[in-house]
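Descriptive analysis of the structure
Each chain, letter by letter, is given below.
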Amino acid sequence: MKTLLKKLTETASPSGYESAIREVIRSEISSLSSDIKVDALGNLIVTMGKKTDKGLRVMIAAHMDEIGVIVSHVEKSGLVRFSNLGTILPQYLAGNRVVFLNGIRGVVNHDLPDDLQKVMPLNKHFIDVGATSDKDCPLKIGDVGVFDRCFVELGNRVSAKSLDDRVSCAVMIETMKKIKNSPNELVFVFSTQEEVQSKGATTAAYEIEPDLAIALDVTPSLDILRIKMQVDLGKGPAIKVRDVGMLSDPRVVSWMENTAKKNKIACQLEVLDIGTTDARVMQISKAGMPSGAISIPCRYVHSPSEVVDMDDVQATVVLLSELLNNPINLK
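The text that follows walks through the structure, step by step, so that each part is easy to find. Keep in mind the model is a prediction, meaning the values are calculated, not measured.

**What about the overall build of the protein chain?**
Within the protein chain one finds 7 helices and 17 strands. Taking 2.2 N^0.38 as the reference for a compact globule, 331 residues should give roughly 20 Å; the C-alpha atoms of the protein chain span a radius of gyration of 20 Å, in line with that estimate. Expressed as lengths along the three principal axes of its C-alpha atoms, the size of the protein chain is roughly 65 × 45 × 40 Å. Per-residue burial for the protein chain yields a buried fraction of 55% across its 331 residues. Just so you have it, the protein chain exposes about 14400 Å², and 51% of that area is on carbon and sulfur atoms. The positive charge centre, built from 39 side chains, and the negative charge centre, built from 42, are 3 Å apart in the protein chain.

**A word on the sheet that holds strand β11 (residues 157–160)**
Reading across the sheet, the 3 strands line up as β10-β11-β17 and stay open at both edges, with antiparallel pairing between neighbours. The open sheet has two free edges, formed respectively by β10 (152–154) and β17 (306–309), since each of these has just one partner strand. Averaged over all neighbouring strand pairs, the angle between strand axes comes to 30°, with direction disregarded. With 3 bridges connecting them, β10 and β11 associate as antiparallel partners. Opposite Glu-153, over in β11, you have Val-158 as the bridge partner.

**Concerning the side chain of Glu-194**
Relative to the elements of secondary structure, Glu-194 occurs in the loop between β12 (185–191) and α4 (199–208). At 7.4 Å, Arg-280 is the nearest oppositely charged side chain to Glu-194, a buried residue that forms no salt bridge. Here the side chain of Glu-194 touches His-63 through a polar contact of 3.1 Å, side chain to side chain. Excluding its chain neighbours within four sequence positions, the residues that come into contact with Glu-194 are His-63, Asp-65, Asp-217, Thr-276, Thr-277 and Asp-278.

**Some points on the pairing of strand β15 (residues 268–271)**
A regular strand places its side chains so that they alternate between the two faces of the sheet. Taking every second residue as pointing to the same face, the buried face of β15 carries Gln-268 and Glu-270, while none of Leu-269 and Val-271 on the other face is buried. In terms of strand pairing, strand β14 (residues 238–242) meets β15 through 4 bridges, oriented parallel. Residue pairing in the sheet places Ala-238 in a bridge with Gln-268 of β15. Note that the unit made of β14, helix α5 (residues 250–262) and β15 has a crossover that is right-handed.

**Here we look at the layout of surface pockets**
Estimated volume of the largest pocket: approximately 650 Å³. In terms of lining residues, the largest pocket is bounded by 30 residues, among which Pro-220, Ile-274, Gly-275, Val-301 and His-302 are the most central. Of all the elements in the fold, those that place two or more residues in the lining of the largest pocket are β13 (212–220) and β16 (291–298). Here the lining of the largest pocket is composed, by residue class, of 12 nonpolar, 10 polar and 8 charged. Within this model, the second largest pocket holds a volume of roughly 240 Å³. Around the second largest pocket sit 15 residues that line it, and Trp-255, Asn-258, Thr-259, Lys-262 and Pro-327 are the ones nearest its centre. By residue number, the principal contributor to the lining of the second largest pocket is α5, which donates 6 residues. When grouped by side-chain class, the residues that make up the lining of the second largest pocket number 5 nonpolar, 6 polar and 4 charged.

**A short note on the sheet that holds β13**
Pairing between the strands of a sheet comes from backbone hydrogen bonds, and it takes one of two forms, parallel or antiparallel. Spatially, 8 strands are ordered β1-β2-β12-β3-β13-β16-β14-β15 in an open sheet, and the strand pairing comes out mixed. Only two strands of the sheet have a single partner each, and these edge strands are β1 (35–38) and β15. Going from strand to strand, the sheet's axes swing by 25° on average, the running direction of each strand aside.

**Remarks on the nonpolar core**
Leu-8, Ile-25, Ile-60, Phe-188, Phe-190, Leu-216 and Leu-324 are the most contacted members of the largest nonpolar core, which totals 54 residues. When sequence neighbours within four positions are dropped, the list of residues in contact with Leu-8 reads Ile-21, Val-24, Ile-25, Ser-162, Arg-166, Cys-169, Ala-170 and Ile-173. Listed in part, the 18 residues of the second largest apolar core include Val-69, Val-80, Val-129 and Ala-131.

**Things to note about a nonpolar patch on the surface**
A grouping of Ile-224, Leu-225 and Tyr-300 is seen on the molecular surface, where their side chains present a nonpolar patch of about 290 Å² in accessible area. As for its position among the elements, Leu-225 is in the loop between β13 and β14.

**Brief notes about empty space enclosed by the protein**
Counted according to the given criterion, the structure contains 1 cavity of 30 Å³ or more. Of the voids in this model, the largest cavity is the one considered here, and its volume is about 70 Å³. Along its surface, the largest cavity is lined by Glu-66, Ile-67, Phe-147, Lys-161, Ser-162, Asp-164, Glu-195, His-302, Ser-303 and Glu-306. Residues belonging to the lining of the largest cavity are distributed by class as follows: 2 nonpolar, 3 polar and 5 charged.

**Quick word on the packing of helix α1 (residues 2–9) against helix α2 (residues 19–29)**
Across the interface, α1 lies against α2 with an axial gap of 10 Å and an inter-helix angle of 155°. The orientation of α1 with respect to α2, classified from their angle, is roughly antiparallel. Between α1 and α2, the contacting residues are Leu-4, Lys-7 and Leu-8 on the first element and Ile-21, Val-24, Ile-25 and Glu-28 on the second. By residue class, the composition of the contact of α1 with α2 is 5 nonpolar, no polar and 2 charged.

Criteria and cut-off values
- Residues numbered from 1 in each chain as written.
- Predicted model: local features only at pLDDT ≥ 70, side-chain atom pairs only at ≥ 80, totals over all residues.
- Heavy atoms only, no water.
- Helix = DSSP H or I, 4+ residues; strand = E, 2+ residues; numbered from the N terminus.
- Rg over C-alpha atoms; globule rule 2.2 N^0.38 Å.
- Buried < 20%, exposed > 50% of the residue type's maximum accessible area, 1.4 Å probe, protein only.
- Areas by Shrake-Rupley, 256 points an atom, 1.4 Å probe, with all protein chains shown as cover.
- Lys, Arg positive; Asp, Glu negative; His and termini not counted.
- Charge placed at Lys NZ, Arg CZ, Asp CG, Glu CD.
- Pairing = 2+ DSSP bridges.
- Axes fitted to C-alpha atoms, helices over the stretch in contact; angles between N-to-C directions.
- Salt bridge = Lys/Arg side-chain N within 4 Å of Asp/Glu carboxyl O.
- Polar contact = N/O pair within 3.5 Å; in protein donor to acceptor, adjacent residues only side chain to side chain.
- Contact = heavy atoms within 4.5 Å.
- Right-handed = clockwise from strand over helix to strand, strands pointing away.
- 1 Å grid on protein atoms, 1.4 Å probe; cavity = no way out; pocket = protein on both sides within 12 Å on 5 of 7 lines; lining within 4 Å.
- Points joined across faces, edges and corners; volume = space filled by probe spheres on them.
- Nonpolar A, V, L, I, M, F, W, Y, C, P; charged D, E, K, R; others polar.
- Core = buried A, V, L, I, M, F, W, Y, C linked by side-chain atoms within 4.5 Å.
- Patch = residues over 30% accessible without salt bridge, like charges linked within 9 Å, V, L, I, M, F, W, Y side chains within 5 Å.
- Parallel < 35°, antiparallel > 145°, perpendicular 65-115°, else oblique.

Below, the structure written as structure tokens:
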């Protein structure tokens, strides 16, 4: 899966501009289903199987987009001011590089602070693309870009930008390969614009009308920071109980946890006090549906160098495959 993860994470596709990553994913899954479509918001929707008397229509969503930057102003000096696409954390910006979809690269830094120990807000940062004036700047207002950072292996762990949420896209791709005679109709959605209020999953869930919804995403692993609200890297996927946007259906939590125990898959339970996932909007689509989420522990979320453990990634594939390949009985 490392080869797949490298391909996915090194593709630049910020929120609202997912066409490049969508085509990469489409090339990976084109032989797995004859029912593949792209909807009005750019979601890549793949349906596998048909619902039987013992099955459900299940929507499984992982978002394709990544956080990014958008040019808001070019100064006379040639420095580029920018705004955010999704949550950009200022403490990760200074000294980092970005690449725009037109191929232009630049270095991020900030205005001189009164206090050198102070983290400067986003609107005090700029991008230096080597221009000497606004006349020779190769960027214009509205150009978008992402962090410029390559995929690297750290033993059994890997680091890259956009592991949020390309690692879940990789999990879905690998899980799709393991679907064998499922009694369920499985609708895999590679969703758009999750980082800007889950817009893609909102419209996809409305159209699909699933009986059950599962979101796949990363969750901050704060084990090395000694914070009580945490999941640990290397201890398996986290079954979401609650985040700031939703409460998982207790029946879904029990079903996931029991499946993991039955198959001896290491797992954790997650109560998250920062952030949410596509499950938030799927849960309340139309008349609503039982919903839950599986989270992959990730260090340094929303930074240019996120880190995941490949054992957690592989265990997530095994867990999701077991959940989807068998009859679903929520009690």
